[in-house]
Amino acid sequence: MLSYNESLKILKETNALLEGHFILSSGLHSNQYIQCAKLLSYPEHAKNICSSLTSKITKEFDEIDLILSPALGGVVVGYEIARQLNVQAIFAERSKKDLLLRRGFEIPKDSNVLIVEDVITTGKSAIECSKIVEKSKANLVGYACIIDRSDNKVLIKNKIVSQLKIKIQTFKEEDLPLDLKKIPPIKPGSNNLFK
């Protein structure tokens, strides 16, 4: 299993941990941003990080039949975790406002489903996925992610199994520190694709 420092080193080597001025999907500003897509673009690094996370998952959860991930960020992670666990991986996609299953994906009744994300911040997408599991009359085993950057505002009440827990400072626009005000902000991530 990879240590916290080994995992952090991989994030930095792949430029998945970015420094600058970012406007997050929540509307808050930050001087750091985690772009897991950069990490996942290196298959060997992705395999190693996901292997370490899979070890944690198998210690925490007994039986998993299916991995459900929200698109876009969770698709690659969900696939790799499912591959290592030798179970099926499916994903939910945003249609207008809501996440839903498409492409003929189904969750069998009474199956044990683990929700897997790349990064969990507020937990909104993961909670939306849990409602799909509930509607399918399946069992929600829990949640897993590469990076847990949630804080006391997370919507998930169950335990989150993660490879790394990282605290990233956020600011409202009116409370920006002077050094951050000097840097032009950018809006990273995939949420902007659907607005």
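Before reading further, recall that the structure is shown in the block above.
Residues numbered from 1 in each chain as written. Predicted model: local features only at pLDDT ≥ 70, side-chain atom pairs only at ≥ 80, totals over all residues. Heavy atoms only, no water.

K.L.:
Explain the state of the cysteines to me, please; I cannot follow it from the model alone.
P.N.:
Where two cysteines share a covalent bond between their sulfur atoms, that bond is called a disulfide. Considering all chains together, one arrives at 0 disulfides under this definition. With no disulfide of its own, Cys36 lies 8.7 Å from the sulfur of Cys145, the closest cysteine sulfur. Its sulfur unpaired, Cys129 is 13 Å from the next cysteine sulfur, which belongs to Cys145. Assessed through its relative accessible area of 0%, Cys129 is described here as buried. (Disulfide = S-S within 2.5 Å. Buried < 20%, exposed > 50% of the residue type's maximum accessible area, 1.4 Å probe, protein only.)

K.L.:
What is the right way to look at the pattern of salt bridges in this model?
P.N.:
Charged atoms that come close allow side chains of opposite charge to pair. According to the stated counting rule, one finds 9 salt bridges in the structure shown. Beyond isolated ion pairs, a larger network of salt bridges with shared partners links Glu93, Arg102 and Arg103. (Salt bridge = Lys/Arg side-chain N within 4 Å of Asp/Glu carboxyl O.)

K.L.:
Help me understand the side chain of Ser111 in this model?
P.N.:
Structurally, Ser111 can be placed in the loop between strand 5 (98-101) and strand 6 (112-120). When its relative accessible area of 6% is taken as the criterion, Ser111 is described as buried. Dropping the residues within four chain positions of it, Ser111 is found in contact with Asp65, Ala138 and Asn139. (Helix = DSSP H or I, 4+ residues; strand = E, 2+ residues; numbered from the N terminus. Contact = heavy atoms within 4.5 Å.)

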